[in-house]
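Letter by letter, the chains look like this.
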Amino acid sequence: MKTETVDGVTFETWTVDEVQKAFDANEVVLIDVRTPQEYMFEHIEGALLFPMSFFAAAKLPSQDGKRIVFHCGSGVRSARVATACAKAGIRPIAHMEGGFGGWKAAGKAYMGTDMASGAPMKVAAK
């Protein structure tokens, strides 16, 4: 993991592999800040949805025992949310570098949509 400073506030940026390892070990809460439509089409199984358009840092759960890691489609929105959290005094806070696109490019498992039926389906890791 590395640290990033935006607008004078610092937060962590985790790689896809770091997030998967911590998420699989139940050490982090993974929060998807994409739109509900993006999430419904495909998402990381077990990630919570808290869209950036509705985001309020004060409404986040405490980090007692689990760090919060945000992700979006590419890493841009999650960096904005991480910055907002850091500005609100919530630390430590992190986001996933490369977002969901990076997760898929790394061949990680996720929930997708069966285009023939419209039903959710697991997409296995490669």
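Computed from a prediction, not measured in an experiment: that's the story for all the values here. Residue numbers restart at each chain and count upward from 1, following the sequence in its written direction. Totals for whole chains, interfaces and linings use all residues, but because this is a predicted model, local features are given only for residues with pLDDT of at least 70 and pairs of side-chain atoms are given and counted only at 80 or more. Note: side-chain values were computed over all heavy atoms of the structure, leaving out hydrogens and water.

## Points about the overall build of the protein
Stage number 1. To qualify as a helix, a DSSP run of H or I must reach at least 4 residues; to qualify as a strand, a run of E must reach at least 2; elements of each kind are numbered from the N terminus. Each helix and strand in the protein was counted, giving 4 helices and 8 strands.
Stage number 2. N-terminal to C-terminal, the α/β element order of the protein is β-β-α-β-α-β-β-α-β-α-β-β.
Stage number 3. Both definitions apply: the radius of gyration is a C-alpha atom measure, and the globule rule equals 2.2 Å times residues to the power 0.38. What you see for the protein is a C-alpha radius of gyration of 14 Å, in line with the 14 Å of a compact globule of 126 residues.
Stage number 4. Principal axes of the C-alpha set define a box for the protein whose edges measure 45 × 30 × 25 Å.
Stage number 5. The proportion of buried residues among the 126 residues of the protein is 44%.
Stage number 6. Any pair of residues with heavy atoms lying within 4.5 Å of one another is described as a contacting pair. Considering only intrachain contacts with a sequence separation of at least 6, the fraction spanning at least 24 residues in the protein is 59%.
Stage number 7. Element-wise, carbon and sulfur atoms account for 56% of the exposed surface of the protein, whose accessible area totals about 6700 Å².
Stage number 8. In this charge count, Lys and Arg are treated as positive and Asp and Glu as negative; neither His nor the chain ends contribute. Here the site of a charge means NZ on Lys, CZ on Arg, CG on Asp, or CD on Glu. Taking the 14 positively charged and 14 negatively charged side chains of the protein as two groups, their mean positions are separated by 3 Å. Using a 1.4 Å probe on the protein chains alone, a residue whose accessible area is under 20% of its type maximum counts as buried, one over 50% counts as exposed, and one in between counts as partly exposed. Shrake-Rupley sampling with a 1.4 Å probe provides the accessible areas, and residues are treated as covered by the protein chains on show and by no other component.

## Observations regarding the sheet that holds strand β6 (residues 94-96)
Stage number 1. Strands pair, by our definition, only if DSSP identifies at least two bridges between them. Across the sheet, 6 strands lie side by side as β1-β2-β6-β5-β3-β4; this open sheet has mixed pairing. Lying at the two open borders of the sheet, with one neighbouring strand each, are β1 (2-6) and β4 (48-49).
Stage number 2. Where strand β5 (residues 67-71) and β6 come together, 2 bridges link them in parallel fashion. The residue bridging Phe-70 from the neighbouring strand is His-95, located in β6.
Stage number 3. Packed on one face of the sheet, helix α1 (residues 16-24) meets β2 (9-14), β3 (28-32), β5 and β6 and runs near 80° to β2.
Stage number 4. Every axis in this analysis is a line fitted to C-alpha atoms, fitted for helices over the stretch in contact. Angles between the N-to-C directions lie between 0 and 180 degrees. Helix-sheet contacts for helix α3 (residues 76-87) involve β1, β2, β5 and β6, and the interaxial angle to β2 is about 140°.

## Re unusual backbone geometry
Stage number 1. Here Arg-91 and Pro-92 are connected by a cis peptide whose omega angle stands at -5°.
Stage number 2. With respect to the helices, strands and loops of the structure, Pro-92 is situated in the loop between α3 and β6.
Stage number 3. The backbone of Asn-26 sits at a positive phi, close to 60°, despite the residue not being glycine.
Stage number 4. Looking at where Asn-26 falls in the secondary structure, it is placed in the loop between α1 and β3.

## Remarks on the UniProt feature "domain: Rhodanese" (unreviewed entry) in the protein
Stage number 1. UniProt positions are given in the numbering used here, feature names are shortened, and annotations may be inferred rather than shown by experiment. Under the feature "domain: Rhodanese" (unreviewed entry), the UniProt entry names residues 24-112.
Stage number 2. Secondary structure content for residues 24-112 is 29% helix and 20% strand, while the C-alpha to C-alpha distance between its ends is 19 Å.

## Comments concerning the nonpolar core
Stage number 1. In terms of nonpolar packing, the biggest core is built from 18 residues, with Ile-31, Phe-55, Leu-60, Phe-70, Cys-85 and Ile-93 touching the most fellow members.
Stage number 2. Elements represented by at least two residues in this core include exactly β2, β5 and α3. Buried residues of nine kinds, namely Ala, Val, Leu, Ile, Met, Phe, Trp, Tyr and Cys, make up a nonpolar core once their side-chain atoms join them within 4.5 Å.

## Notes on the side chain of Glu-42
Stage number 1. Relative to the helices and strands, Glu-42 is located in the loop between α2 (36-41) and β4.
Stage number 2. Classification of Glu-42 as buried rests on a relative accessible area of 14%.
Stage number 3. There is a polar contact of 3.0 Å between the side chain of Glu-42 and the side chain of Lys-104. Pairs of N or O atoms are called polar contacts if they sit within 3.5 Å, as long as, within protein, a hydrogen donor faces a hydrogen acceptor (for residues adjacent in sequence, only side-chain-to-side-chain pairs).

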